[in-house]
Amino acid sequence: MAGMKVLVVGGGGREHALAIGLSESNSVDSIHTCPGNAGTSMVGINHNVSATDVDGVVALASELSVDLVVVGPEAPLVAGLSDSLREKGIPSFGPHSEGAELEGSKLHAKRVMESLGIPTGGVQILRADSDIDAALARYSPPWVIKRDVLAAGKGVVVTEDVEDARSFIEDSISTDGFVLLEEFLTGEEASMLVIMDESGFICLPASQDHKRVGEGDTGPNTGGMGAYAPAPVVTPTVRQRVIEQIVNPMHHHLRNQPTPYRGVLYVGLMIDEEGAPSVVEYNVRFGDPETQVTIPLIDSDLGLILLAAAEGRISGMEPVFSKRSAVTVVLASEGYPGPSKTGRRISGEETRIEEGEITAFIHQAGTVRDDDGILLSNGGRVLSATAIANNLPSAVGAAYAVIDEIQLDGSHYRRDIAYRAL
Ligand code: AMP
Ligand code: GLY
């Protein structure tokens, strides 16, 4: 077969990593991205169509006659992008809207987990007539409060301050009608990306994100400030438990739905001191920045794997994974995760290290080139420095050597990515 033409939907670091992985696949001839960023434009062709414009993306995929669409973010999946693409006979990597509700509604995800006996924290649903103080008293602090809306990781507050907890609960009830109060899970977090369709599933190497903005896991939650893989907290025993207690039952459930789930299931895990896993959240897409450290560890042809899942043939694939380590450090704009300053000039993005077994380079995210070709910041998370090496300490050293070369006024990044594993 002639090489594939692939459309990647989205414009973050995750999509730059997917586009690079696809560009290194023998099965892929050309890559298109919508809307993409300044990084994806070096790998393929960017199209000025928003990822959330479902009709626009479908029209673009048809016009380009692509062989495969790979959907990065959750919003278009929840809005039915994969449903519309499949109606047109275009293979899409990413679940249909019903499957996407596992991320679209945290309450729905909890109910599915409860019905399947999948380990997860307890939850209370609070509404205008609920006794908030009694609900808070039922769990010991810190309290975990989640709005049931897509909020890019920012609709969640974890706090020990009872006043903050109460006011977030009250504000959320007044905007959304209800809010979830979850039992706090202790342990270490990890992310498992599982490529899945009705025929089977493949667990990718586990990774660990750093969700808080500040060093030592302090400050507000973000979309993710850095990640590394593989995550040693997911030992072979833990991995086996995750498969038996969490992935198998969910796969069994999803494969028996009227429309099969074809894409990636992101399992956000908490691993307690005894190595018992429970689910913090499901996402229905690749993680960002987990993708930047996971894709480089897949030695097999990424295009063939993603196409197989989009066509319900994943059980026939036996991908080979690298034994190496990968790390990515996110550089964010001034103000992130609050309102951030964009439109500022970036330099140093071409920095690359190729030294022996070490490779390090930049994944771009919130970047754009102006009419004069100047690179400007265009989002909260601007870029990340990714390194792949034979061991984690070498990878961490190389990623920081690259990110230290980036100049962007007011930008910040964490100095302690991967500290738990070092
Ligand atoms: P979520 O959007 O549900 O992933 O929540 C964002 C982050 O909040 C997670 O990655 C955790 O760091 C933290 N978190 C969420 N739920 C819990 C929980 N039940 N126990 C402890 N931490 C949590
Ligand atoms: N890095 C967390 C996420 O993508 O949801």
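All values reported here derive from a predicted model rather than from experimental measurement. (Residues numbered from 1 in each chain as written. Chains lettered and ligands numbered in written order. Predicted model: local features only at pLDDT ≥ 70, side-chain atom pairs only at ≥ 80, totals over all residues. Heavy atoms only, no water.)

(A) Local environment of helix α9 (residues 236-255). By the largest-angle criterion, Ile243 marks the main kink of α9, which is about 40°. Turning to α9, its buried residues number three or more, namely Val238, Val242, Ile243, Ile246, Val247, Pro249, Met250, His251 and Leu254. Close packing links the buried residues of α9 with α5 (97-104), α6 (106-116), β10 (188-197), β11 (200-203), β16 (263-271) and β17 (277-283). (Bend = angle between axes of the 7 residues up to and from the residue. Helix = DSSP H or I, 4+ residues; strand = E, 2+ residues; numbered from the N terminus. Buried < 20%, exposed > 50% of the residue type's maximum accessible area, 1.4 Å probe, protein only. Contact = heavy atoms within 4.5 Å.)

(B) Just the layout of surface pockets, in detail. Each pocket or cavity is described by its volume, and for the second largest pocket that value is around 450 Å³. Taken together, the residues of the lining of the second largest pocket break down into eight nonpolar, six polar and five charged. (1 Å grid on protein atoms, 1.4 Å probe; cavity = no way out; pocket = protein on both sides within 12 Å on 5 of 7 lines; lining within 4 Å. Points joined across faces, edges and corners; volume = space filled by probe spheres on them. Nonpolar A, V, L, I, M, F, W, Y, C, P; charged D, E, K, R; others polar.)

(C) Spatial organisation of empty space enclosed by the protein. The tally for this structure, following the rule as stated, stands at one cavity of 30 Å³ or more. Its boundaries defined by the atoms lining it, the largest cavity holds a volume of some 50 Å³. Around the largest cavity, the lining residues are Glu189, Ala190, Ser191, Gln208, Asp209, Lys211, Tyr266, Gly268, Leu269 and Glu281. Counting only elements with at least two residues in the lining of the largest cavity, the list comes to β10, β12 (208-209) and β16. Of the residues assigned to the lining of the largest cavity, the class counts are three nonpolar, three polar and four charged.

(D) Examining the site of ligand 1 more closely. Around ligand 1, 14 residues are found, and the nearest of them are Lys146, Leu185, Glu189, Lys211 and Glu281. Between ligand 1 and Glu182 there is a distance of 3.1 Å, counted from a nitrogen atom to a side-chain nitrogen or oxygen. Separating a nitrogen atom of ligand 1 from a backbone N or O atom of Glu183 is a distance of 2.9 Å. Compared with its free state, where it exposes 470 Å², ligand 1 has 94% of that area covered by protein. Contributions of two or more residues to the shell around ligand 1 are made by β7 (143-146) and β17. Here the shell around ligand 1 is composed, by residue class, of six nonpolar, one polar and seven charged. (Near = heavy atom within 4 Å. Polar contact = N/O pair within 3.5 Å; in protein donor to acceptor, adjacent residues only side chain to side chain. Areas by Shrake-Rupley, 256 points an atom, 1.4 Å probe, with all protein chains shown as cover.)

(E) How the structure looks around the sheet that holds strand β20 (residues 358-364). The sheet built from six strands is open, its strands ordered β12-β15-β18-β23-β20-β19 with antiparallel pairing. Looking at the sheet topology across the chains shown, the edges are occupied by β12 and β19 (353-355). Bridging between β12 and strand β15 (residues 226-229) involves two bridges; their strand directions are antiparallel. In the strand pairing of β15, Gln208 is matched with Tyr228. (Pairing = 2+ DSSP bridges.)

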